[in-house]
Amino acid sequence: MKSANPIFTHPAIKLLSKCKTLNTLKQVHGHMITTGLALHTYPLSKILLSSSVLELTYAHTIFDHIQNPTVFLFNTLISSVITNHRCQTHLAFSLYNRIILSGDDKLKPNCFTYPSLFKACRSQPWVQYGSVLHAHVLKFLEPECDHFVQASLLNFYANCGKLGVARYLFEQINKPDLATWNSLLTAHTRNDADSCLSSEVFRLFNEMQKSLVRPNEITLVVLIGACADLGALYHGMWAHAYVIRHCLKLNCYVGTSLISMYLKCGCLGLAYQTFDKLPQRDTSCYNAMIGGFAIHGYGQKALQIYEKMRILGVLPDNVTFNVSMFACSGVGLVDEGCKVFESIKEVYGIEPTLEHYGYLVDLLARAGRLQDAEKRIKEMPMKPKATLWRSLFAGARIHGNVAIEKVALKHLLELEPETSDNYVFFSNMYARVNKWEYVNRVKKAGS
DNA sequence: GTAGGGTTAG
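Presented here is an overview of the structure given in this document. (Residues numbered from 1 in each chain as written. Chains lettered and ligands numbered in written order. Predicted model: local features only at pLDDT ≥ 70, side-chain atom pairs only at ≥ 80, totals over all residues. Heavy atoms only, no water.)

Across its full length, chain A carries 27 helices and zero strands. A buried classification covers 47% of the 447 residues belonging to chain A. Considering only intrachain contacts with a sequence separation of at least 6, the fraction spanning at least 24 residues in chain A is 58%. By element, 56% of the accessible surface of chain A is carried by carbon and sulfur atoms, the whole surface being about 23700 Å². Looking at charge distribution, chain A has the averaged site of its 46 positive side-chain charges lying 2 Å from that of its 35 negative ones. (Helix = DSSP H or I, 4+ residues; strand = E, 2+ residues; numbered from the N terminus. Buried < 20%, exposed > 50% of the residue type's maximum accessible area, 1.4 Å probe, protein only. Contact = heavy atoms within 4.5 Å. Areas by Shrake-Rupley, 256 points an atom, 1.4 Å probe, with all protein chains shown as cover. Lys, Arg positive; Asp, Glu negative; His and termini not counted. Charge placed at Lys NZ, Arg CZ, Asp CG, Glu CD.)

Here it is in structure tokens:
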């Protein structure tokens, strides 16, 4: 009987993934050095992976001490940098450069090198390197490179708006697999809900079914999103039924997309039914439902969901705070909205963002608590944007407070001297209080 | 035998 290679099954390797601190990891690493285990590629890759998650510089130090690292080890570190330390992407590219410039015939990039690099190329400033990498794929890999590389290439082009190229690449793929189909479908949902592209999702979904690739939860999330963009309620309900009929998991992604689809189609009741029946709910599910109640004018209901979230220990995020305050704002639940704002720092230890202040000011200004709103703007730690002054201005105008209206407009004109609307507001305000000489002056300034 | 691609909310 063939016994398992002890290098792959060594207990120290299992221990590595359980290390929660760098110190414990160093102990295991030390043990692996003394036993000679750290000389082999497989255990080394596990050390690199675990250490790069905890402390990237430590992983780099280990890597730099490896004599002639194999492409396998390069790939391990490249993908870990991109997955766990996105802001250090430059390190991944410099590792890649070391492969390319090594001059070593044995060290060449392979199929595993590219997918994570293409993923990195989806955000700036790395987008420009995508086409260079594409050239490298053609240079270093066999013409029939595998589905992972093809799908990541497709995603890269789709992401930078080159849908035509993405579709061309898809057509070159022999028997696209599930993830490749999903990549193509996703590519059609990126262009700001273009309705032609959303209908194309339906056609592609049919093609996919004909090709006998079975859609999964991700496919359905994309399909349901397309239904939402088109406001196609019956298609959306069909997709919902498909999930149930094909025993797909009603996970948080599927759940959130269904809730959002029902809301966009104006069916608050169906959205809530779906939310209520979800076997699991994460922050996004709650955000969608709170936002849904808020938009439909059920502030109290929205707050109940927010409260339920708190009781069940589901952590809110920035969106939760925004939609909850928005819910309060719409129905004049001022104190409740202020409580949400205060809890951001006091309960969750998060520093409120400019956007949070925006919702707070809107809430106070709409309710006529203009001095409070003004005070909040003046006391906020960051420079207020024009939108905040606009909220204050709108509140002051509705509640007839000319003094605050004037203050808000002055700031608006300072921040947006090019926006002619602000001059119109200003001259209208003076006209309302019969200060005609100012009206003419403002008109001149704005022209 | 070890590494890589696709999904949600205001």
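Moving on to helix α24 (residues 386-398). The terminal C-alpha atoms of α24 lie 18 Å apart, and with 13 residues this matches the ideal 18 Å at 1.5 Å per residue to within 8%. A positive backbone phi angle near 65 degrees is found at Gly 400, which sits one or two residues after α24. (Expected span 1.5 Å × (residues − 1).)

So, on to the environment of Ile 62. Counting through the fold element by element, Ile 62 comes out in helix α5 (residues 56-64). On the basis of relative accessible area, Ile 62 is assigned to the buried category, the value being 9%. Spatially, the C-alpha atom of Ile 62 lies 56 Å from that of Gly 330, the residues being 268 residues apart in sequence.

Around DNA strand B, 41 residues are found, and the nearest of them are Arg 122, Thr 180, Asn 182, Asn 322 and Glu 355. Each atom of DNA strand B within 4 Å of the protein was classed as base or backbone; sugar and phosphate made up 32%. Between DNA strand B and Asn 75 there is a distance of 3.3 Å, counted from a base nitrogen to a side-chain nitrogen or oxygen. Arg 122 is positioned with one of its side-chain polar atoms (N or O) 2.2 Å from a phosphate oxygen of DNA strand B. (Near = heavy atom within 4 Å. Polar contact = N/O pair within 3.5 Å; in protein donor to acceptor, adjacent residues only side chain to side chain.)

The subject of this paragraph is the pattern of salt bridges. Scanning all chains against the criterion turns up 14 salt bridges. With a closest N to O distance of 3.0 Å, Asp 372 and Arg 369 form a salt bridge. When its relative accessible area of 35% is taken as the criterion, Asp 372 is described as partly exposed. Relative accessible area serves as the criterion here: at 32%, Arg 369 is assigned to the partly exposed category. (Salt bridge = Lys/Arg side-chain N within 4 Å of Asp/Glu carboxyl O.)

A few words on the environment of Leu 263. Within the secondary structure, Leu 263 is located in helix α16 (residues 252-264). A sequence separation of 32 residues divides Leu 263 from Ile 295, and the C-alpha atoms of the two residues are 9.1 Å apart. Apart from residues no more than four positions distant in its own chain, Leu 263 is found in contact with Leu 268, Ala 271, Ala 288, Gly 292 and His 296.

By volume, the largest pocket amounts to about 420 Å³. Every residue lining the largest pocket is counted, 17 residues in all, and those nearest its centre are Ser 79, Phe 112, Pro 115, Ser 116 and Phe 148. For the lining of the largest pocket, the secondary-structure elements that each account for two or more residues are α6 (71-84), α8 (114-120) and α10 (147-159). The dominant element in the lining of the largest pocket, judged by the number of residues it contributes, is α6, at five residues. (1 Å grid on protein atoms, 1.4 Å probe; cavity = no way out; pocket = protein on both sides within 12 Å on 5 of 7 lines; lining within 4 Å. Points joined across faces, edges and corners; volume = space filled by probe spheres on them.)

Structural measurements only, silent on function.
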